[in-house]
Amino acid sequence: MNDVMGNRISIDADAINRMLDEKIEIKLLLSNCVSCGLCSGTCFYYKKTKDPESTPSFKALNSMGLLFRKKGKISPKDLDRMKSLIWGKCVLCGQCRCPIGVSIPSIIAWARAICRSQGVCENYADSPMGA
Ligand code: SF4
Ligand code: SF4
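Just so it is clear, the model here is predicted, and its values are computed rather than measured.

Caption draft 1: Here's a closer look at the overall build of the protein. Secondary structure summary: the protein contains seven helices and zero strands in total. Ordered by position from N to C terminus, the α and β elements of the protein give α-α-α-α-α-α-α. Looking at the 131 residues of the protein, the share that counts as buried comes to 25%. Looking at the protein alone, contacts between residues at least 24 apart form 68% of all its contacts between residues at least 6 apart.

Caption draft 2: Representation of the environment of C36 within the structure. Residue position: C36 is located in the loop between helix 2 (24-31) and helix 3 (44-49). In this structure C36 comes out as exposed when scored by C-beta crowding, with 11 C-beta atoms within 10 Å. The sequence separation of C36 and C98 amounts to 62 residues, and the corresponding C-alpha distance is 9.4 Å.

Caption draft 3: Up close: the site of ligand 2. As a structural note, the neighbourhood of ligand 2 is formed by 14 residues, with C43, P56, C90, C93 and C96 the closest of them. Elements with a contribution of two residues or more to the shell around ligand 2: helix 3, helix 4 (56-61) and helix 7 (104-117). Looking at the shell around ligand 2 residue by residue, the class counts come to 11 nonpolar, two polar and one charged.

Caption draft 4: Representation of unusual backbone geometry. In this model, S35 sits at a positive phi of 55°, which is unusual for a non-glycine residue. Among the structural elements, S35 can be located in the loop between helix 2 and helix 3.

Caption draft 5: Examining the site of ligand 1 more closely. Looking at ligand 1, the residues that line it are C33, V34, S35, C36, G37, L38, C39, P56, S57, C98, I100 and V102. For the shell around ligand 1, a count of residues per class yields nine nonpolar, three polar and no charged.

Caption draft 6: Representation of the packing of helix 6 (residues 76-86) against helix 7. At a minimum axis distance of 10 Å, the contact between helix 6 and helix 7 shows a crossing angle of 140°. Viewed along their axes, helix 6 and helix 7 adopt a mutual orientation that is oblique. When you trace helix 6 past helix 7, the crossing you get is left-handed. Contacts from L79, M82, K83 and I86 in helix 6 reach I108, A111, R112 and C115 in helix 7.

Caption draft 7: The arrangement of helix 7 in detail. Relative to the 20 Å expected for 14 residues at 1.5 Å per residue, helix 7 spans 20 Å between its end C-alpha atoms, a close match to the ideal helical length. Regarding helix 7, the residues found buried are I104, I107, I108, A111, R112, I114 and C115. Around the axis of helix 7, the buried residues are gathered within 160° of arc, so they sit on the same side. On the buried face of helix 7, the contacting elements are helix 1 (13-22), helix 2, helix 4, helix 5 (64-69) and helix 6. Among the residues trailing helix 7, G119 stands out with phi positive, at a value near 80°.

Caption draft 8: Quick peek at the packing of helix 1 against helix 7. Look at helix 1 against helix 7: their axes get within 10 Å of each other, and the N-to-C directions meet at 155°. When the axes of helix 1 and helix 7 are compared, the pair comes out roughly antiparallel. The hand of the helix 1/helix 7 crossing is right-handed. Here A15, I16 and M19 of helix 1 lie close against helix 7, whose contacting residues are A113, I114 and S117. Its residues assigned to classes, the contact of helix 1 with helix 7 comprises five nonpolar, one polar and no charged.

Conventions and cut-offs
- Residues numbered from 1 in each chain as written.
- Chains lettered and ligands numbered in written order.
- Predicted model: local features only at pLDDT ≥ 70, side-chain atom pairs only at ≥ 80, totals over all residues.
- Helix = DSSP H or I, 4+ residues; strand = E, 2+ residues; numbered from the N terminus.
- Buried ≥ 20, exposed ≤ 12 C-beta atoms within 10 Å, placed from the backbone.
- Contact = placed C-beta atoms within 7 Å.
- Near = placed C-beta within 6 Å.
- Nonpolar A, V, L, I, M, F, W, Y, C, P; charged D, E, K, R; others polar.
- Axes fitted to C-alpha atoms, helices over the stretch in contact; angles between N-to-C directions.
- Parallel < 35°, antiparallel > 145°, perpendicular 65-115°, else oblique.
- Left-handed = near helix turned anticlockwise from the far one by under 90°.
- Expected span 1.5 Å × (residues − 1).
- Arc of directions from axis to C-beta.

What is shown is where atoms sit, not what they do.
This is the structure in structure tokens:
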């Protein structure tokens, strides 16, 4: 929730937890990640930037993984950092592959939905491609 100046004044951890409960299978999927790094080789964004924070597993573990670890009790700074990862470093192209079936795009898509529920989302009008 934001004040009239657009500053964040609260985060609804109960609402976040309800959304986490809807996708509890993601918690299991993330616990299966063995940090092998194979998915990195299939992410065009990582291959182009070599930014360690743009590997698919890093983005998943530091968005939905973070929300599960903190049981929804995240800070505004956590939300802003998540935003930069899941919008700024992923386009949901679906190209990443995980041999044990961790679905990074679906994980990041749900992390975006949770961010939106807290009033945080990409403002495409501010991007160079925006209107
Ligand atoms: S390929 Fe799968 S198990 Fe390996 S780091 Fe990526 S998400 Fe984790
Ligand atoms: S969906 Fe995201 S993480 Fe997967 S290949 Fe595309 S940009 Fe990379």
